[in-house]
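Residues per chain are reported as follows:
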Amino acid sequence: MKSNELYPPYIHSWKTSAKSTWICSGTLAPLVLWSAYLYGYKTLFVWLVSVLTSMGTEAIVSAFTKKWTLGDGSAVLSGLLLAAIMPPAIPLYIPCLSAAFAILVVKAAFGGLGSNWMNPALAGAAFAYVNWPKAMHEFVLPRVITGVDGISASSPLSFIRSLSGGADLRIMEALKSASYPLSGFDIKVTQFLNDGFFSALGSQLPEGYIDLGLGFKPGALGESALVVIIIGSVFLLSLKLIKSIIPLTMLTVFSVLVRLFGTGLPGEYLFSGDVLFALFNGGVLFAAFYMAPEPVTSPSGKLDNFVYGLILGVLCYVFRRWAAKPEGAVYAILIMNVLGPSLEKMLDSIRKAISQHRQAKR
Amino acid sequence: MKIRGFKHGGIDSMHRVSFEAKSIENAFLPLNALISLRNGPGLAEAEAVVKLGDQVLEGQLLARSTGANSSNMHSSIPGIVRRITQIKDAGSFDSLAIKISLDGSFSVLGKRPERYRWKALNKGDIGYLAQDKGVVRVSTGEPLYPALSKMSVKQEYTLILNVLELDPYSRVEESLFRLRTMDVLDGCAIAARISKPSRIIIAIDERYSAKTLSKIREAIDSCELDAKLQLFKHKIPQDHPRQLALALGINKDDIFIVEPSSLISLHEAIVSNKPHIEQYVFVGGGAIKHPAVLKARIGSPIGDLIEECGGFTSKPYTIVLNNPFTGRAAPDLDCAVGKTTRAILALTESEAKPAPERPCIRCSDCYEVCPAGLKPFLLHKLIQLGKIGEAKAIGLDRCISCGACAYICSSRIALVSIFDTAKKADKDRGQN
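Computed from a predicted model, the values in this text were never measured in an experiment.

Asks: Quick question: what am I supposed to make of the overall build of chain A here?
Replies: Of the regular secondary structure elements, chain A holds 18 helices and two strands. Taking 362 residues into account, the globule formula puts the C-alpha radius of gyration at 21 Å, and chain A, at 22 Å, falls close to it. By its C-alpha atoms, chain A is 70 × 60 × 40 Å across when sized along the principal axes. Of all intrachain contacts in chain A linking residues separated by at least 6 positions in sequence, the fraction that spans at least 24 positions is 72%.

This is the structure:
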């Protein structure tokens, strides 16, 4: 059926898969600009290489299958998402090879859009993490802190993990006492907030959270500007472009677990984990809103999505607490991508059993 | 008052085009009327009783019913039988059709309508009149009387006067009920006389203004009919029999649904002794200059009616007969108004929002809106793989073809028509 004008219904919703993909890519544009502001214009090449490679790969595949699929925007989105996971100063061959792997092996080899069994961008990221672990964990300090580009440093999460002593200090204080660099902006804003707002409540905001929220820290391109990610995700949720249940459940479960048991960092005890620090690091928010609810690999149905989000939250927590590397969210989602269909089948059989039980009762 | 609605699925976020008919205009008589002898797919053809070249009067019998699935057809205009040919109806079913060219004088038009007192008639007389005048159920095209009379053997059943029109455009039932409330209620009383329902429910859209509602309530109170007004949620496909029964919490075999337009034609047949030769049609959609509800003769070409509404403002993308969700596309502007035509919608491209078909991305929006709780994306995949048995196991037969899934599908897969084709193929296989 080629033309849909001859078949009912004759009116359609405004949403098309291509439109949603392009809008989703559009919400990542501010992130691209912000990362260029933070780490210098050279980071634009990382985004560019990743997007162009995935588009090029898609075009080559299109030429072979004789189906022109660049218009659906999925290649561009995959490229953007992949670049978002890359560190700013990464050698450009890494995003290039990873993007080619993502499109060619994970997507095209299994039948193109709609048939991929893993999120292509995440699979590309995992490919990069496995092959170039050192390069993928080398971050640089933003220009706002140092005044120049390209001074390498470890991310706050790895830094604090390497700290051993000082168990009586909270994370932020521990970071400060170890003289982890802070931006002047953060110090000013925190002081302002403490004087004007938090002091009235009898509490105090430690320095450093503003930096984390705005991305004034060493980190991957996409996890840098949380404010931008949150605005983009609100936009996506309000247009119902992503399944809201998955990210919301995932983040809630993750936060609750972190609060209850802590992530094993200094100053965290039972019932007093640092939720903000956990959410602001390791790209959890970005993964939750842009990666986890990807339609092809996530299950359908409200209950299935809830269970999917729940397990994702637990896995994210487990990887954050006990895994050697901080990118646990990526692996958590990949694992759930693979387990998703089995989960759906299992829930289906449970539902069937329940309805049969009910009928038998009648 | 409690607003009823079905729980699972449905589309409720659709913008409704604003339109309120002030009056119902008579459309001009067509120069040629093409009268199809079959009212719908799956129904029987009436048997023609006129020959080529015959002079016919307005309202004269053209074809006689051959059984429960066909209805008497009358000439809608005075004239000469020009042609009796096989046509492909807009619903893509074949039918014999009689073409009449306007000629001679009018007998029905211009005459004051007669008013008979139907209350003295018994069920048999009413039934004879309704059958003789070719009254059909406008929603399906089957004759109204046999269907209604079948319900009368039931101990308990609910007659539902369905005034719900939930798509963004159609307004004919709403306008008829608002402008000719007394006639519709009178028609409802006749239907009740035939089938003896245990209760009568008038299904109304929750979005009616308080003013209109109180007017309707007054009208119901002033007549003897013991009918209850019930508001329903504005959610597609609430007007479907299954969803109405679900919302009311009763078995779908225990309801009979009838529309104001069917009741008006029943009323006119019994009270004014008029055959079913006129049809109330809403002409609208974004490409029509002055949308209106017209009283058109059966057999009028839809192009004439569109012209009467000021023609097109812009190039229409599709012209749809009836509901844009379950209706059908008109092949050209010459196709004729039939007994089941209630709306002619000329939709612009920005309303139709076509897009190239793309592979399913399992966004599961179709699952969210499916009122039967099916997984259309999974059904589609199974049908593509030829696994009809598995598709049936997960509920292909429960699909009510409401079109919600294909409306929402962001990959623009023609889900409903694929399901309909599969269901039909499966049925054919079962028969052989």
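From this point, things continue past the structure.
Asks: Explain the overall build of chain B to me, please; I cannot follow it from the model alone.
Replies: A tally of regular secondary structure across chain B gives 14 helices and 17 strands. Here the C-alpha radius of gyration of chain B, 22 Å, is about what a compact globule of 432 residues would show, namely 22 Å. Here the C-alpha coordinates of chain B stretch approximately 60 × 50 × 45 Å along the principal axes. Excluding contacts between residues fewer than 6 apart, the proportion of contacts in chain B whose partners are at least 24 apart in sequence is 73%.

Asks: Quick question: what am I supposed to make of the interface of chain B and chain A here?
Replies: How large an interface is tends to be reported as the accessible area lost when its parts come together. Contacts between chain B and chain A engage 35 residues on the former and 25 residues on the latter. A per-class count over the side of chain B that touches chain A returns 19 nonpolar, eight polar and eight charged.

Asks: Would you explain the packing of helix H1 (residues 123-132) of chain B against helix H2 (residues 144-151) of chain B in this entry?
Replies: Each pair of packed helices can be described by the angle between their axes along with the distance between the axes. Residue and element names in this part refer to chain B. Following both chains from N to C, one finds H1 and H2 inclined at 145°, their axes separated by 8 Å at the closest point. Contacts between H1 and H2 involve Gly127, Ala130 and Gln131 from the first element and Leu144, Tyr145 and Ser149 from the second. Here the contact of H1 with H2 is built from residues that sort into three nonpolar, three polar and no charged.

Asks: I keep staring at the domain arrangement of chain B and nothing clicks. Help me out?
Replies: Residue and element names in this part refer to chain B. Entries for chain B in the domain assignment read domain 1 (118-271) and domain 2 (365-431). Taking only C-alpha atoms into account, the centre of domain 1 sits 31 Å from that of domain 2. Opposite the five residues of domain 1 that make contact, domain 2 presents four residues. Residue classes in the side of domain 1 that touches domain 2 are distributed as two nonpolar, two polar and one charged.

Asks: Is there a simple way to explain the domain arrangement of chain A in this structure?
Replies: Residue and element names in this part refer to chain A. Structurally, chain A comprises domain 1 (16-136), domain 2 (143-217) and domain 3 (242-362). A C-alpha centroid distance of 24 Å is found between domain 1 and domain 3. With 14 residues of domain 1 in contact, the opposing surface of domain 3 contributes 14 residues. The biggest single contributor to the side of domain 1 that touches domain 3 is helix H6 (residues 120-131), with six residues. Of the residues that constitute the side of domain 1 that touches domain 3, the class distribution is 11 nonpolar, three polar and no charged.

Asks: Quick question: what am I supposed to make of the nonpolar core here?
Replies: When a protein is soluble and globular, its nonpolar side chains tend to lie buried together. Of all hydrophobic cores here, the largest spans 125 residues; its most connected members are B:Ala203, B:Val281, B:Val283, B:Leu305, B:Ile344 and B:Cys405. If one sorts the elements of this core by residue count, helix H4 (residues 181-195) of chain B sits on top with six residues. Both domains that meet at this core, namely domain 1 (118-271) and domain 2 (365-431) of chain B, each give it at least three residues. Dropping the residues within four chain positions of it, B:Val283 is found in contact with B:Ile288, B:Pro291, B:Ala292, B:Leu294, B:Leu305, B:Ile306, B:Cys309 and B:Ile344. Listed in part, the 90 residues of the second largest apolar core include A:Val32, A:Ala83, A:Ala121 and A:Ala126.

Asks: Before we go on, may I ask you to explain the environment of B:Ala48 in this structure?
Replies: Residue and element names in this part refer to chain B. Note that Ala48 resides in strand S3 (residues 47-48). For the pair Ala48 and Ala21, spaced 27 residues apart in the sequence, the C-alpha separation amounts to 37 Å. If sequence neighbours within four positions are ignored, Ala48 has contacts with Leu37, Leu62, Ala63, Ile84, Leu96 and Ile98.

Asks: Explanation requested: the environment of B:Ile220 in the structure shown.
Replies: Residues and elements named next belong to chain B. Tracing the backbone shows Ile220 in helix H5 (residues 210-222). Overall, Ile220 belongs to the partly exposed group, with 18 C-beta atoms counted inside 10 Å. C-alpha separation for the pair Ile220 and Thr340, spaced 120 residues apart in sequence, amounts to 27 Å. If near-sequence neighbours (up to four positions away) are discounted, Ile220 is found in contact with Leu185, Leu225, Ala227 and Leu229.

Asks: Explanation requested: the sheet that holds strand S10 (residues 199-205) of chain B in the structure shown.
Replies: Pairing between the strands of a sheet comes from backbone hydrogen bonds, and it takes one of two forms, parallel or antiparallel. All names here are of chain B. The strand order S11-S10-S9-S12 describes an open sheet built from four strands, whose pairing is parallel. The outermost strands of the open sheet, each flanked by one partner alone, are strand S11 (227-232) and strand S12 (255-258). Taken over all neighbouring pairs, the strand axes of this sheet differ in orientation by 30° on average, direction set aside. Here strand S9 (residues 158-162) pairs with S12 via four bridges, running parallel. The residue bridging Leu159 from the neighbouring strand is Phe256, located in S12. Across the face of the sheet, helix H6 (residues 241-248) comes into contact with S9, S10, S11 and S12 while running at roughly 125° to S12.

Asks: Looking at this model, I keep getting lost on the confidence of the model for chain A. Mind explaining?
Replies: Low pLDDT means the predicted atomic positions in that stretch should not be read closely. Residue and element names in this part refer to chain A. Mean pLDDT over chain A works out to 86, with 96% of the residues at or above the 70 mark. The lowest-confidence element of chain A is helix H10 (residues 171-177), averaging 73 in pLDDT; the highest-confidence one is helix H5 (residues 93-107), averaging 94. Contacts from residues 1-5, a stretch scored under 50 in pLDDT, to residues over four places away or in other chains number 11 contacts.

Asks: What am I meant to see in the sheet that holds strand S4 (residues 55-56) of chain B here?
Replies: Residues and elements named next belong to chain B. Strands sit in the order S2-S8-S7-S4 across an open sheet of four strands; the sheet is antiparallel. Edge strands, defined here as strands with exactly one partner in the open sheet, are strand S2 (32-36) and S4. Relative to strand S7 (residues 79-88), S4 runs antiparallel, the two sharing two bridges. Considered in S7, the bridge of Gln55 is made with Ile80.

Asks: How should I be thinking about the packing of H6(A) against helix H18 (residues 328-361) of chain A in this particular structure?
Replies: Residue and element names in this part refer to chain A. Two elements in contact, H6 and H18, have axes whose closest approach is 10 Å; the angle formed by their N-to-C orientations is 125°. Between H6 and H18, the angle is such that the two are oblique. As H6 runs across H18, the sense of the crossing is left-handed. Along the contact surface, H6 presents Leu122, Ala123, Ala125 and Ala126, while H18 presents Val330, Tyr331, Ile333 and Leu334. Across the contact of H6 with H18, the residue classes break down as eight nonpolar, no polar and no charged.

Asks: Can you walk me through the environment of B:Leu176 in this structure?
Replies: Residues and elements named next belong to chain B. Relative to the elements of secondary structure, Leu176 occurs in helix H3 (residues 172-179). Look at Leu176 and you get buried, because 25 C-beta atoms sit within 10 Å. Considered as a pair, Leu176 and Pro260 are 84 residues apart in the sequence and their alpha carbons are 6.6 Å apart. In this structure Leu176 touches Val184, Pro260, Ser261, Ile264 and Tyr280, once residues within four positions along its chain are discounted.

Asks: Would you mind going over unusual backbone geometry with me for this structure?
Replies: Only a minority of non-glycine residues have a phi that is not negative, and only a minority of peptide bonds are not trans. Residues and elements named next belong to chain B. Of the consecutive residues Ile236 and Pro237, the connecting peptide bond is found in the cis state with omega at 0°. Structurally, the position occupied by Pro237 is in the loop between S11 and H6. Phi is positive for Arg412, which is not a glycine, with a value near 55°. Looking at the secondary structure, you find Arg412 in the loop between helix H13 (404-408) and helix H14 (415-431). According to the C-beta neighbour criterion, Arg412 is partly exposed, with 19 such atoms within 10 Å.

Asks: Even after reading the chapter, I still don't get helix H3 (residues 43-65) of chain A, so can you show me in this structure?
Replies: Helical geometry: 3.6 residues make up each α-helical turn, so side chains three or four residues apart lie on a common side. Residues and elements named next belong to chain A. Taking 1.5 Å of rise per residue, the 23 residues of H3 would be expected to cover 33 Å, and the 33 Å separating its terminal C-alpha atoms lies within 8% of that figure. Residues of H3 that are buried: Thr43, Val46, Trp47, Val49, Ser50, Val51, Thr53, Ser54, Thr57 and Glu58. One or two positions beyond H3, positive phi appears at Lys66, with a value near 60°.

Asks: How should the pairing of strand S5 (residues 61-64) of chain B be read in this particular structure?
Replies: The two faces of the sheet receive side chains in turn, since in a regular strand these alternate between them. Residues and elements named next belong to chain B. Strand direction decides the pairing type here: S3 and S5, joined by two bridges, are antiparallel. Of the residues in S5, the one forming a bridge with Ala48 is Ala63. In this sheet, strand S6 (residues 73-74) lies alongside S5 in antiparallel orientation, the contact comprising two bridges. Residue pairing in the sheet places Leu61 in a bridge with His74 of S6.

Rules and cut-offs
Residues numbered from 1 in each chain as written. Chains lettered and ligands numbered in written order. Predicted model: local features only at pLDDT ≥ 70, side-chain atom pairs only at ≥ 80, totals over all residues. Helix = DSSP H or I, 4+ residues; strand = E, 2+ residues; numbered from the N terminus. Rg over C-alpha atoms; globule rule 2.2 N^0.38 Å. Contact = placed C-beta atoms within 7 Å. Nonpolar A, V, L, I, M, F, W, Y, C, P; charged D, E, K, R; others polar. Axes fitted to C-alpha atoms, helices over the stretch in contact; angles between N-to-C directions. Domains from an automatic or database assignment. Core = buried A, V, L, I, M, F, W, Y, C linked by C-beta atoms within 7 Å. Buried ≥ 20, exposed ≤ 12 C-beta atoms within 10 Å, placed from the backbone. Pairing = 2+ DSSP bridges. pLDDT = per-residue confidence, 0-100. Parallel < 35°, antiparallel > 145°, perpendicular 65-115°, else oblique. Left-handed = near helix turned anticlockwise from the far one by under 90°. Expected span 1.5 Å × (residues − 1).

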